[in-house]
Protein chains: 2
Amino acid sequence: MDSSILQHPNIQRTKDKVRLTAARLVDHHINLAVTGLSGSGKTAFITSLVNQLLEANEDANLPFFSVVREGRLVGVKRDVQPNLSFRRFAYEDAMLSLSKAEPEWPLSTKGISQVRLKIKYKKSSGVSKYLSKDATLTLDITDYPGEWLLDLPLLDMSYEQWVEQCQSELAEPVRAELAKPFLSALAALKPMEVADELILKNIAELYAEYLHACQKRGLQLLQPGRFILPGELAGAPALHFFPLLPIYDSDLSFDSKKVAKGSQADLIINRFEHYKLKVVQPFFREHFKKFDRQVILVDCLNALNNGYYCYQDLQKAIDWLLGSFQYGSSSILNRLFQPKIDRLVFAASKADHVTPDQQGNLVKLLESMLRSARKNIQFNGVKTESTAVASIKTSRTGLGELEGDNIQVLQGQNNLGKTITLFPGEVPQACPPASFWDAQNFEFPNFMPPLLGGSHSLPHIRVDQVLEFLLADKLK
Amino acid sequence: MDSSILQHPNIQRTKDKVRLTAARLVDHHINLAVTGLSGSGKTAFITSLVNQLLEANEDANLPFFSVVREGRLVGVKRDVQPNLSFRRFAYEDAMLSLSKAEPEWPLSTKGISQVRLKIKYKKSSGVSKYLSKDATLTLDITDYPGEWLLDLPLLDMSYEQWVEQCQSELAEPVRAELAKPFLSALAALKPMEVADELILKNIAELYAEYLHACQKRGLQLLQPGRFILPGELAGAPALHFFPLLPIYDSDLSFDSKKVAKGSQADLIINRFEHYKLKVVQPFFREHFKKFDRQVILVDCLNALNNGYYCYQDLQKAIDWLLGSFQYGSSSILNRLFQPKIDRLVFAASKADHVTPDQQGNLVKLLESMLRSARKNIQFNGVKTESTAVASIKTSRTGLGELEGDNIQVLQGQNNLGKTITLFPGEVPQACPPASFWDAQNFEFPNFMPPLLGGSHSLPHIRVDQVLEFLLADKLK
């Protein structure tokens, strides 16, 4: 036999593949992505996830995490992260802030960051159960901004469609008010004139200011996402575009196929396309499609606090997201990136900001927001879970009296270090009608993190159940 | 004849090429790169370059710029920049700062930025001279940090060679003093132990702090350059490496081929290689090789102000640069990127900070620093020029008396808005011996920008000569 055949590159490649597959069977690996809409507590969530795993065999409280309950967890440690260009997730800094005598919330992360954990465990069944060697699960947690996920639907839109979308958003009086400086600058633009970069830059900056103002008001449907978090693109023409809304000047209504080359409108449309192709797509092509599992955090309470319009906006943001996120055969995700995500968790964060008897309602509220899109996701074989968590539990529960009845109340520290006791209100099980909002005033508090004292593990609500859903099948 | 042959892809490609070449003959194009060592006044230089061109036919003073002198310049305007991901060079903001009633220096640029100018002119000779149509030169100016250029020689170094280089730098007492916190952390490291990312991160941060401290002291040879300007790599493991200097602990001396996989040393070496391949190389491969002409600004006066050691350090930084920058057949640049740079300007900046009679010396001083390497550059067909410029002239010259003799003195505004008159000292024509520095105290001032009054053009020294050298051959 001619031994040179064995060296043939194709054969070599096949052998490499077989070896890789074999290695994967022995060394399990989960690529978990965590993101959340603005202010949803992503940093606290990842800090807690890492903390519960690292402290699982110490004083962490994880009754619903089977590998711990069954005494099969050998140990967990942080390991060298695979992607050298992603920021290292600052777990240690976060724990330092939380462990202070006057605990502080960790600084929120910017852009993308990563942490790898090695989870050593004993097999529960099969031949390997009887082998003395422990198995290892490698868990990579990648943290990326929810704003980037909100950009995904843009990939499936023409510039005209995007303008239409922006126009329908601006029909809302709250947004129209915040957009005034942008809109009046836009009204003075002549889109058919020869392009002037400086004019476009100035109007684009006003558009970015409008998005920042929306964010401050608690609105969630903010895109293009890089306008909020520009990173290295700050000041670059890649972000100097905006919607040419037709309502303020009939000149602004145009057919994109008839736009003269080198005109303002031409530059704007080119930049929109460049943004899709060179800014949005690379993240999904290079990173997103490698994720196995995804957590999306949502702050429903903040939306309730801010009133009907913010609540509606959160609903729109979720619709906007799920429209492309449905993993159906026709979705953008599948057509462009074929991600392999098989489990998806939607978590309403800050569950410790309502009394325990309201937490069920909080989950129902989130579920009512997800309902229509969730069906599609399940249909396509992606397991989903909706839950309410407190990554770091900040409150204790007590009993109080309201109009003669005993009711549950919350006790926590406010930002002046004072202990406050309150009844934050009832959480509706679904979106109440507009009229309801005028009468009811939700008032969910903002608590400071709890004093850890000697403990190294973070108190939480239901983080163990999330761990079970995300990891248990790979720890068997 | 079979017309389908004409549609053959190869023929089509050739036709495209011919068309492209023809277009290039008509529409000239120059891709000019500007960089400078730290504090050399890059932003002021580019602002002035753009300003002189935009105002060339108004009140700019450009006697040495032939196309203006010969009355052939039709007009210059800013045009849409070609690279959408580079920051737009903030010319307008810079002019706003300079045009204030109390003028301020423009903020220095971070990372890479760009500006495109279209220069319309009349041909001076040839057939086209008699054609009524004006010719156009497109000038792209790309501004990038000198720190990135200092990283270039790393590409040709193994990790051991880099450590040796760092070791020789640290032999200097000034640097050794600043490196103390880094060195004592390094001494505690066990490079053969299993890697711990957090330890490496902490030591790498001390190394970055050492580089920042060097920069504050006026030192120039600072690399890895991304440690000074990390951009989106801030906090990423790609920057978590450092030199394992062998002098402090014999454990730190090792053979890189015998380093155990997964050890601290292994991670460090991998990251050094990753830095070369994924951080340094892309800039040169994607951008640098497209540059036609290069300006390198050097602040010789600051080095003289800071004393012998800083002067020597500047000399070393220039050697370090030119060693790979010589465009010889064996240089890194040629082997890896084949840049097409054919003209190179070394400019000593801030020539207005010495009296006119000393400006000749300033050029001679710069030339003495460049001498050995320059020969190689000229030998390889790259035209080089050394000059001294003031991008924005801040001083006036008068006559004063020193010990009975009339001498030239400078008058300018200090940062309190007061007019000061002084004799800044004589500039040596070459590096004086070490002993000389103890006796002589150079004291070159820091002036504020001049009051522009009604004028739109910036006063300067020799920017017109630089323009002539860089552009004149393409404006004929």
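A quick note: this is a predicted structure, and the numbers were derived from the prediction, not measured.

Conventions adopted
Residues numbered from 1 in each chain as written. Chains lettered and ligands numbered in written order. Predicted model: local features only at pLDDT ≥ 70, side-chain atom pairs only at ≥ 80, totals over all residues. Heavy atoms only, no water. Helix = DSSP H or I, 4+ residues; strand = E, 2+ residues; numbered from the N terminus. Buried < 20%, exposed > 50% of the residue type's maximum accessible area, 1.4 Å probe, protein only. Contact = heavy atoms within 4.5 Å. Areas by Shrake-Rupley, 256 points an atom, 1.4 Å probe, with all protein chains shown as cover. Buried area = accessible area lost by both parts, 1.4 Å probe. Salt bridge = Lys/Arg side-chain N within 4 Å of Asp/Glu carboxyl O. Polar contact = N/O pair within 3.5 Å; in protein donor to acceptor, adjacent residues only side chain to side chain. Least-squares fit on C-alpha atoms with pLDDT ≥ 70 in both. pLDDT = per-residue confidence, 0-100. 1 Å grid on protein atoms, 1.4 Å probe; cavity = no way out; pocket = protein on both sides within 12 Å on 5 of 7 lines; lining within 4 Å. Points joined across faces, edges and corners; volume = space filled by probe spheres on them. Nonpolar A, V, L, I, M, F, W, Y, C, P; charged D, E, K, R; others polar. Phe/Tyr/Trp six-rings, centres within 6.5 Å; stacked < 30°, edge-to-face > 60°. Lys NZ or Arg CZ within 6 Å of the ring centre and 35° of its normal. Patch = residues over 30% accessible without salt bridge, like charges linked within 9 Å, V, L, I, M, F, W, Y side chains within 5 Å. Lys, Arg positive; Asp, Glu negative; His and termini not counted. Charge placed at Lys NZ, Arg CZ, Asp CG, Glu CD. Pairing = 2+ DSSP bridges. Axes fitted to C-alpha atoms, helices over the stretch in contact; angles between N-to-C directions. Arc of directions from axis to C-beta. Parallel < 35°, antiparallel > 145°, perpendicular 65-115°, else oblique. Left-handed = near helix turned anticlockwise from the far one by under 90°. Expected span 1.5 Å × (residues − 1).

Visitor: Residue-level account of the overall build of chain A, with values.
Guide: Each helix and strand counted, chain A has 16 helices and eleven strands in total. Looking at chain A residue by residue over its 476 residues, the buried ones come to 53%. Within chain A, contacts between residues at least 6 apart in sequence are counted, and of these 77% link residues at least 24 apart. As presented, chain A carries roughly 21600 Å² of accessible surface, and 52% of it is formed by carbon and sulfur atoms.

Visitor: How would you summarise the interface of chain B and chain A if you had to cite specific residues and measurements?
Guide: Contact with chain B, which involves 27 residues of that partner, is made by 27 residues of chain A. Of the roughly 2200 Å² buried between chain B and chain A, counting both surfaces, carbon and sulfur atoms make up 59%. It is Leu84(B), Arg88(B) and Glu197(B) in chain B that bury the most area against chain A; as a group they hold 30% of the surface buried on that side. The interface formed by chain B and chain A includes two salt bridges. Its salt-bridge partner being Glu197(B), residue Arg88(A) comes within 3.1 Å of it at the nearest N-O pair. Viewed at the interface, chain A and chain B are joined by nine residue pairs in polar contact (both at pLDDT 80 or more).

Visitor: How would you summarise the pattern of salt bridges if you had to cite specific residues and measurements?
Guide: Enumeration according to the criterion identifies 38 salt bridges over all chains in this entry. Two residues, Lys100(A) and Glu104(A), come together in a salt bridge whose shortest N-O distance is 3.2 Å. For Lys100(A), a relative accessible area of 38% corresponds to the partly exposed category. Take Glu104(A): its relative accessible area is 37%, and that puts it in the partly exposed class. Here Lys180(B) and Glu177(B) are joined by a salt bridge, their closest N and O atoms 3.5 Å apart. Sharing partners across several salt bridges, the network here consists of Arg78(A), Arg88(A), Glu92(A), Glu197(B) and Arg271(B).

Visitor: Let's hear about the relation of the copies chain B and chain A: which residues, and what values?
Guide: Superposing chain B onto chain A takes a rotation of 180 degrees plus a shift of 0.1 Å along the axis, which leaves an RMSD of 0.0 Å. Put plainly, the chains are arranged around a two-fold axis. Residues of chain B ranked by C-alpha distance from the rotation axis are headed by Glu232(B), positioned 3.1 Å from it.

Visitor: Help me get a handle on the confidence of the model for chain A, residues and values and all.
Guide: Residues and elements named next belong to chain A. Per-residue confidence for chain A averages 86 on the pLDDT scale, and 85% of its residues sit at or above 70. pLDDT under 50 marks residues 1–7. Its contacts with residues more than four places away, or in other chains, come to four contacts. What the predictor reports for the complex is a pTM of 0.86 with an ipTM of 0.82.

Visitor: Quick one: what's the story with the layout of surface pockets, residue by residue and with numbers?
Guide: Taken as a whole, the largest pocket spans an internal volume of roughly 2400 Å³. If you trace the largest pocket, you find 49 residues lining it, with Glu232(A), Leu233(A), Gly231(B), Glu232(B) and Leu233(B) closest to the centre. Elements with a minimum of two residues in the lining of the largest pocket: helix 10 (264–286) of chain A together with helix 10 (264–286) of chain B. For the lining of the largest pocket, a count of residues per class yields 23 nonpolar, twelve polar and 14 charged.

Visitor: Which residues make up the packing of aromatic side chains, and what values do they have?
Guide: Summed over all chains, the structure comprises 46 aromatic pairs over all chains. A centroid spacing of 5.4 Å and a plane angle of 55 degrees characterise the contact between Phe241(B) and Tyr275(B), whose relative ring orientation is tilted. Of the two residues, Phe241(B) sits in the loop between helix 9 (197–216) and helix 10 while Tyr275(B) sits in helix 10, which places them 34 residues apart along the sequence. Here Phe241(B) matches Tyr275(B) in class, with each residue buried. Three or more aromatic residues joined by ring pairs form one cluster here, namely Tyr159(A), Trp162(A), Phe182(A), Tyr207(A), Tyr210(A), Phe227(A), Phe241(A), Phe242(A), Phe272(A) and Tyr275(A). Just above the ring of Trp148(B) sits the side chain of Arg226(B); from NZ or CZ to the centre is 4.0 Å. A cation over a ring is seen here: Arg343(B) above Phe469(B), with NZ or CZ 5.2 Å from the ring centre.

Visitor: Lay out a positive patch on the surface with the relevant residues and their values.
Guide: Residues and elements named next belong to chain A. Judged by side-chain charge, Lys278, Arg285, Lys289 and Lys290 come together as a positively charged surface patch. Inspection of the secondary structure assignment puts Lys278 in helix 10. Classification of Lys278 by relative accessible area gives exposed; the value is 53%.

Visitor: A description of the sheet that holds strand 9 (residues 396–402) of chain B should follow, citing residues and the corresponding values.
Guide: All names here are of chain B. One open sheet accounts for three strands, arranged 9-10-11; its pairing is antiparallel. Single-partner strands in this sheet number two, and they are strand 9 and strand 11 (419–422). Shown here is a sheet whose adjacent strand axes are inclined to one another by a mean of 35 degrees, direction ignored. Bridge count for strand 10 (residues 405–413) against strand 11 is four bridges, and the pairing is antiparallel. Paired with Gly412 across the two strands is Ile420, which belongs to strand 11.

Visitor: Describe helix 8 (residues 180–187) of chain A, naming the residues involved and giving the relevant values.
Guide: All names here are of chain A. Among the residues of helix 8, those classed as buried are Phe182, Leu183 and Leu186. The arc enclosing the buried residues of helix 8, seen along the axis, measures out at 95 degrees, which places them on a common side. If you follow the buried residues of helix 8, they end up packed against helix 6 (159–170), helix 7 (173–178) and helix 9 (197–216).

Visitor: Please give an account of the packing of helix 9 of chain A against helix 10 of chain A that cites residues and values.
Guide: Residue and element names in this part refer to chain A. Remark: helix 9 packs on helix 10, axes separated minimally by 10 Å, with the N-to-C direction vectors making an angle of 55 degrees. By the angle between their directions, the pair helix 9 and helix 10 is classed as oblique. As helix 9 runs across helix 10, the sense of the crossing is right-handed. From helix 9, Glu197, Ile199 and Leu200 reach across to helix 10, where they touch Gln264, Leu267, Ile268 and Arg271. A breakdown of the residues in the contact of helix 9 with helix 10 according to their chemical character gives four nonpolar, one polar and two charged.

Visitor: How would you explain helix 2 (residues 42–54) of chain B if you had to name every residue and give the values?
Guide: Residue and element names in this part refer to chain B. For helix 2, built from 13 residues, the straight-helix expectation of 18 Å at 1.5 Å per residue is met to within 8% by its first-to-last C-alpha distance of 18 Å. The buried fraction of helix 2 amounts to twelve of the 13 residues, a majority that puts the element mostly inside the structure. For helix 2, the complete set of buried residues consists of Lys42, Thr43, Ala44, Phe45, Ile46, Thr47, Ser48, Leu49, Val50, Asn51, Gln52 and Leu53.

Visitor: Which residues make up the environment of Gly400(A), and what values go with them?
Guide: Residue and element names in this part refer to chain A. Along the chain, Gly400 falls in strand 9 (residues 396–402). As for Gly400 and Phe423, which are separated by 23 residues in sequence, their C-alpha atoms are 8.3 Å apart. Contacts of Gly400, omitting those with residues within four sequence positions, involve Asp405, Asn406, Ile407 and Val409.

Visitor: Now, about the side chain of Glu55(B): what can you tell me, with residues and values included?
Guide: Position of Glu55(B) relative to the elements: it lies in the loop between helix 2 and helix 3 (66–69). Leave out the neighbours within four places in its chain, and Glu55(B) touches Ala60(B), His456(B) and Ser457(B).

Visitor: Quick one: what's the story with the sheet that holds strand 11 (residues 419–422) of chain A, residue by residue and with numbers?
Guide: All names here are of chain A. Taken together, three strands build an open sheet; the order of strands is 9-10-11 and the sheet is antiparallel. One side of each edge strand has no neighbouring strand; the edge strands of this open sheet are strand 9 and strand 11. Across the sheet, the mean angle from the axis of one strand to that of its neighbour is 35 degrees, orientation sign disregarded. Direction of pairing for strand 9 relative to strand 10 (residues 405–413): antiparallel, over a ladder of seven bridges. Bridge pairing in strand 10 links Gly400 to Ile407.

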